[in-house]
Amino acid sequence: MTRDEVLSQFRDAGAILEGHFILTSGLRSPVFLQKARVFMYPDKTETLCKALAEKIKDAGLGEIDYIVSPALGGLIPGYETARHLGVPAMWVEREDGEFRLRRFEMPQGARVIIVEDIVTTGLSSRETVTSLKALGAEVLAVACLIDRSGGEADVSVPLVALAEYKVPAYEPDNLPPELAALPAVKPGSRGLN
Ligand SMILES: O=P(O)(O)OC[C@H]1O[C@H](OP(=O)(O)OP(=O)(O)O)[C@H](O)[C@@H]1O
Ligand SMILES: O=C(O)c1cc(=O)[nH]c(=O)[nH]1
Ligand SMILES: [Mg+2]
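First, a word on scope: everything that follows refers to the structure included in this document. (Residues numbered from 1 in each chain as written. Chains lettered and ligands numbered in written order. Predicted model: local features only at pLDDT ≥ 70, side-chain atom pairs only at ≥ 80, totals over all residues. Heavy atoms only, no water.)

1. A few points about the packing of helix α1 (residues 3–12) against helix α3 (residues 42–58)
Move 1: Contact geometry of α1 with α3 gives a least axis separation of 11 Å together with a crossing angle of 160 degrees. In terms of orientation, α1 and α3 fall into the roughly antiparallel class. Here α1 and α3 pass one another in a crossing that is left-handed. Where α1 abuts α3, its residues V6, Q9, F10 and D12 lie against K44, T47 and L48. (Axes fitted to C-alpha atoms, helices over the stretch in contact; angles between N-to-C directions. Helix = DSSP H or I, 4+ residues; strand = E, 2+ residues; numbered from the N terminus. Parallel < 35°, antiparallel > 145°, perpendicular 65-115°, else oblique. Left-handed = near helix turned anticlockwise from the far one by under 90°. Contact = heavy atoms within 4.5 Å.)

Pasting the structure below:
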């Protein structure tokens, strides 16, 4: 899929939101990719994740034992990408703020690809890599649907992005006036009680 085809799937689902958003990293942005509005549609999700699975295969990473995704956003694309790769999918979820593989066993040395929905700073992906390495997994790569950093994010392992879409993000104490004038909302699940 081309970058424009990937972005069209998001645009057609009404998933490219404009306003003032607090991102999971704490950065602020005038654009939010509300992936849940894409994952509402099984056909769109299948199209995107089939293409991501092909890109993962083309990356030549060798045998893959498991896909693991960070909840919540990674759950649906992780499952669907795993389906196209023919491997099982697990997820990590936050417990006391830390990603944990609460419901599954990870065999020592298992070869894992992490599937994320969106990468902005790479923070959530790095947290996922750390949690899986601590269990003895070999993390081959992170794969995501959209890399908002335009290739700049450090996920601590190779990053396979279906599309890059560079979107501005600002430190909260350095906002452009037109962004500061809008009320801020935080759509993601980090820090929710
Ligand atoms: O690269 P980063 O700077 O970490 O940003 C990207 C992360 O932000 C979102 O998750 P969020 O924590 O908002 O919660 P969600 O998965 O429940 O949407 C998204 O699903 C990624 O996991
Ligand atoms: O950085 C984030 O938290 C983030 C950005 C985005 O566009 N979409 C999303 O789900 N999370
Ligand atoms: Mg997430």
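2. Some details on the site of ligand 2
Move 1: In the vicinity of ligand 2, the residues found are L23, T24, F32, L33, K35, I118, T120 and R148.
Move 2: Here L33 contributes a backbone N or O atom positioned 2.8 Å from an oxygen atom of ligand 2.
Move 3: At 2.7 Å, a side-chain N or O of R148 approaches an oxygen atom of ligand 2.
Move 4: Contact with the protein chains hides 92% of the accessible area of ligand 2, taken as 290 Å² for the molecule alone.
Move 5: If you map ligand 2 onto the pockets, it falls in the largest pocket.
Move 6: Of the residues that constitute the shell around ligand 2, the class distribution is four nonpolar, two polar and two charged. (Near = heavy atom within 4 Å. Polar contact = N/O pair within 3.5 Å; in protein donor to acceptor, adjacent residues only side chain to side chain. Areas by Shrake-Rupley, 256 points an atom, 1.4 Å probe, with all protein chains shown as cover. 1 Å grid on protein atoms, 1.4 Å probe; cavity = no way out; pocket = protein on both sides within 12 Å on 5 of 7 lines; lining within 4 Å. Sits in = over half its atoms within 2 Å of the grid points. Nonpolar A, V, L, I, M, F, W, Y, C, P; charged D, E, K, R; others polar.)

3. A look at the environment of R126
Move 1: Along the chain, the position of R126 falls in helix α5 (residues 123–133).
Move 2: Residues R126 and P177, spaced 51 residues apart in sequence, show a C-alpha to C-alpha distance of 32 Å.
Move 3: Discounting residues that sit within four places of it in the chain, R126 has contacts with T121, D154, V155 and S156.

4. Details of the packing of aromatic side chains
Note on aromatic pairs: each is described by the distance of the centres and the angle between the planes.
Move 1: Taken as a whole and assessed by the stated rule, the structure comprises two aromatic pairs.
Move 2: Between F21 and F32, the ring centres sit 5.5 Å apart and the planes meet at 35 degrees, which makes this aromatic pair tilted. Of this pair, F21 sits in strand β1 (residues 16–22) while F32 sits in strand β2 (residues 28–33), placing them 11 residues apart in sequence.
Move 3: Judged by relative accessible area, which is 10%, F32 ranks as buried.
Move 4: Measuring from centroid to centroid gives 5.0 Å for W91 and F104, while their planes differ by 85 degrees, and the two rings are edge-to-face. Taken together, the positions of W91 in strand β4 (residues 89–95) and F104 in the loop between β5 (98–100) and β6 (111–119) put the pair 13 residues apart, joining distant regions of the chain. (Phe/Tyr/Trp six-rings, centres within 6.5 Å; stacked < 30°, edge-to-face > 60°. Buried < 20%, exposed > 50% of the residue type's maximum accessible area, 1.4 Å probe, protein only.)

5. Notes on the sheet that holds strand β3 (residues 66–70)
Move 1: Overall, mixed pairing links the six strands, which are arranged β5-β4-β3-β6-β7-β8 in an open sheet. Of all the strands in the sheet, the pair left with one neighbour each is β5 and β8 (159–164). In this sheet, neighbouring strand axes are inclined to one another by 25 degrees on average, regardless of whether the strands run parallel or antiparallel.
Move 2: Sheet analysis places β3 next to β6, joined by three bridges and oriented parallel. Along β6, the bridge assignment pairs Y66 with V112.
Move 3: The strands touched by helix α4 (residues 75–85) are β3, β4, β6 and β7 (138–147); relative to β3, the strand with the most contacts, the crossing angle is about 170 degrees.
Move 4: Strands in contact with α5 are β3, β4, β5, β6 and β7; relative to β6, the strand with the most contacts, it is inclined by about 160 degrees. (Pairing = 2+ DSSP bridges.)

6. Remarks on the site of ligand 1
Move 1: Around ligand 1, 18 residues are found, and the nearest of them are K35, E116, T121, S124 and S189.
Move 2: The separation between an oxygen atom of ligand 1 and a polar side-chain atom of T121 is 2.5 Å.
Move 3: Summarising the interface, the protein chains cover 92% of the accessible area of ligand 1, which totals 490 Å² for the free molecule.
Move 4: At four residues, the largest contribution of residues to the shell around ligand 1 is made by β6.
Move 5: The residue makeup of the shell around ligand 1, split by class, is five nonpolar, nine polar and four charged.

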